[in-house]
Amino acid sequence: VQLQASGGGLVQSGGSLRLSCAASGRSFSRHDMGWFRQDPGKEREVVAAITWNSTTTYYADSVKGRFTISRDNAKNALYLQMNSLKPEDTATYYCAASWGNPQGIPTASLQYSYWGRGTLVTVSS
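Keep in mind that what you see is a predicted model, and the values were worked out from it rather than measured.

**Student:** How would you summarise the overall build of the protein if you had to cite specific residues and measurements?
**Tutor:** Summing up its helical and strand segments, the protein has 0 helices and 11 strands in all. Taken from the N to the C terminus, the helices and strands of the protein come in the order β-β-β-β-β-β-β-β-β-β-β. A compact globule built from 125 residues should have a C-alpha radius of gyration of about 14 Å, and the protein, at 13 Å, falls within 12% of that. Projected onto its principal axes, the C-alpha coordinates of the protein cover approximately 40 × 25 × 25 Å. For the protein, the proportion of its 125 residues judged to be buried stands at 42%.

Printed below as a string of structure tokens:
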């Protein structure tokens, strides 16, 4: 699976952005997917994740109620709707794909095998 994230940019605090992740390959629909973010000098952290069939989602506490992850398997696409953005949301955002998680939705970066190039989100105060 090859992934490409897009949709980042500069937005004011309180604003919204929608990130997209385009996937190539026929197996996208069988992969659990996640959004991660990373600031320079900090560890990469999970933002949200979704199972292959969209039955289960996960959100980091810092984004609950503000961000929504979704996917469209027919379009090989993953999305992250980000509302009420805060300056602390500033980071490079990455989409990632994970295969084979019988124990539940993957939330650790080590569980993801495929990564896209990131897209930068900057939230000004």
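**Student:** Please give an account of the sheet that holds strand β1 (residues 2-6) that cites residues and values.
**Tutor:** Within a beta sheet, neighbouring strands are joined by backbone hydrogen bonds and run either parallel or antiparallel to one another. On the basis of which strands lie adjacent, the open sheet formed by 4 strands has the order β1-β3-β8-β7 and antiparallel pairing. Edge positions in the sheet fall to β1 and β7 (67-72), since each of these pairs with one other strand and no more. Each neighbouring strand pair of the sheet contributes to a mean axis angle of 15°, computed without reference to strand direction. Where β1 meets strand β3 (residues 17-24), 5 bridges bridge the pair, whose relative direction is antiparallel.

**Student:** Mind laying out the side chain of threonine 51, listing which residues take part and the relevant values?
**Tutor:** Examined against the element boundaries, threonine 51 turns out to sit in the loop between β5 (45-50) and β6 (57-59). A distance of 3.1 Å separates the side chain of threonine 51 from the side chain of asparagine 53, its partner in a polar contact. For threonine 51, the contacting residues outside a window of four places in its chain are Asp32, Thr56, Arg71 and Ile105.

**Student:** A description of the nonpolar core should follow, citing residues and the corresponding values.
**Tutor:** Counting residues in each nonpolar core, the largest one holds 28 residues, and the members touching the most others are Trp35, Leu78, Leu80, Met82 and Tyr93. Contributions of two or more residues to this core are made by β1, β3, β4 (32-38), β5, β7, β8 (77-82), β9 (91-98) and β11 (119-124). Setting aside its immediate chain neighbours within four residues, leucine 78 contacts Leu19, Ser20, Cys21, Phe28, Met33, Gly34, Trp35, Ile50, Ile69, Ser70, Arg71 and Cys95. Ranked by size, the runner-up nonpolar core spans 5 residues in total, among them Phe36, Val46, Ala96 and Tyr112.

**Student:** I'd love a proper account of the environment of lysine 86, names of residues and values included.
**Tutor:** With respect to the secondary-structure elements, lysine 86 resides in the loop between β8 and β9. By relative accessible area, which is 33% here, lysine 86 ends up partly exposed. Each C-alpha atom of the pair lysine 86 and serine 16 lies 9.7 Å from the other, and the pair is 70 residues apart in sequence.

**Student:** Now, about the packing of aromatic side chains: what can you tell me, with residues and values included?
**Tutor:** All told, the structure shown has 3 aromatic pairs when counted by the stated rule. The interplanar angle of 80° and the centroid separation of 5.1 Å between the aromatic rings of phenylalanine 36 and tyrosine 112 together place this pair among those described as edge-to-face. Taken together, the positions of phenylalanine 36 in strand β4 and tyrosine 112 in the loop between β9 and β10 (114-115) put the pair 76 residues apart, joining distant regions of the chain. On the basis of relative accessible area, tyrosine 112 is assigned to the buried category, the value being 5%. Three or more aromatic residues joined by ring pairs form one cluster here, namely Phe36, Tyr112 and Trp115.

Parameters at a glance
Residues numbered from 1 in each chain as written. Predicted model: local features only at pLDDT ≥ 70, side-chain atom pairs only at ≥ 80, totals over all residues. Heavy atoms only, no water. Helix = DSSP H or I, 4+ residues; strand = E, 2+ residues; numbered from the N terminus. Rg over C-alpha atoms; globule rule 2.2 N^0.38 Å. Buried < 20%, exposed > 50% of the residue type's maximum accessible area, 1.4 Å probe, protein only. Pairing = 2+ DSSP bridges. Axes fitted to C-alpha atoms, helices over the stretch in contact; angles between N-to-C directions. Polar contact = N/O pair within 3.5 Å; in protein donor to acceptor, adjacent residues only side chain to side chain. Contact = heavy atoms within 4.5 Å. Core = buried A, V, L, I, M, F, W, Y, C linked by side-chain atoms within 4.5 Å. Phe/Tyr/Trp six-rings, centres within 6.5 Å; stacked < 30°, edge-to-face > 60°.

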